[in-house]
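Structural features, examined
Chain by chain, the residues:
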Amino acid sequence: MLIVLKRELYERSWADMSEDLNARLEGRPYIFKLVNRISDDLERIGRLREFEEQHGVDLSDYVELP
């Protein structure tokens, strides 16, 4: 789900997605309501971003939408 959101809502940018979630945690204006466990999602984003960097891939390329 996070990979699809990254691709579809944040123009393939983990940084933009993380900034949006952090803004929500801090009570600042945010763009999208993703899930109730934002801290968990931020941790997952970090792991996914690290995987992409280590393997030189963009996981969004492997998601097919109907």
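Refer to the structure presented above.
Presented here is an overview of the structure given in this document. (Residues numbered from 1 in each chain as written. Predicted model: local features only at pLDDT ≥ 70, side-chain atom pairs only at ≥ 80, totals over all residues. Heavy atoms only, no water.)

**Here we look at the packing of helix H2 (residues 14–25) against helix H3 (residues 38–55)**
Our working definition: Each axis is a line fitted through C-alpha atoms, taken for helices only over the stretch in contact, and angles between the N-to-C directions span 0 to 180 degrees. Every helix listed is a DSSP run of H or I at least four residues long, and every strand listed is a run of E at least two residues long, numbered separately from the N terminus. Note on terminology: angles under 35 degrees are roughly parallel, angles over 145 are roughly antiparallel, angles of 65 to 115 are roughly perpendicular, and the others are oblique. If you view the pair so one helix is near and one far, a crossing is left-handed when the near helix is turned anticlockwise from the far one by less than a right angle, and right-handed when it is turned clockwise. Contacts are residue-level and defined by heavy atoms, with any inter-residue pair within 4.5 Å sufficient. Residue polarity is assigned by list, with Asp, Glu, Lys and Arg as charged and Ala, Val, Leu, Ile, Met, Phe, Trp, Tyr, Cys and Pro as nonpolar; anything else, Gly included, falls into the polar class.
Between H2 and H3, whose axes approach to 10 Å, the crossing angle comes to 165 degrees. One finds that H2 runs roughly antiparallel with respect to H3. For the element pair H2 and H3, the recorded crossing hand is left-handed. Along its contact with H2, which presents Trp14, Ala15, Met17, Ser18, Leu21, Asn22, Arg24 and Leu25, the element H3 presents Ile38, Ser39, Asp41, Leu42, Ile45, Leu48, Arg49 and Glu52. The residue inventory of the contact of H2 with H3, partitioned by class, reads nine nonpolar, three polar and four charged.

**Overview of the side chain of Ser60**
Counting through the fold element by element, Ser60 comes out in the segment after H3. Contact partners of Ser60, with chain neighbours within four places excluded, come to Ile3, Lys6, Arg7, Arg12 and Glu52.

**Thoughts on the pattern of salt bridges**
Just so we agree on the cut-off: Here, a salt bridge means any side-chain nitrogen of Lys or Arg that lies within 4 Å of a carboxyl oxygen of Asp or Glu. Note on classification: 1.4 Å probe, protein chains only; a residue is buried when its accessible area is under 20% of the maximum for its type, exposed when over 50%, partly exposed between these limits.
Applying the stated criterion across every chain, the model contains eight salt bridges. Note that Arg28 is salt-bridged to Glu26, the shortest N-O span being 2.8 Å. Overall, the relative accessible area of 54% leaves Glu26 in the exposed class. Here Asp41 ties to Arg44 by a salt bridge, and the two come within 2.9 Å at their closest N and O atoms. Linking Asp41 with Arg44, this pair stays in helix H3, spanning three residues, or about one helical turn. Taken together, the shared-partner salt bridges connect Lys6, Arg12, Glu52, Asp58 and Asp61 into one network.

**Observations regarding unusual backbone geometry**
Look at Glu11: it is not a glycine, yet its phi comes out positive at around 50 degrees. Its place among the elements puts Glu11 in the loop between helix H1 (2–9) and H2. In this structure, Arg12 takes a positive phi of about 65 degrees despite not being glycine. For Arg12, a relative accessible area of 36% corresponds to the partly exposed category.

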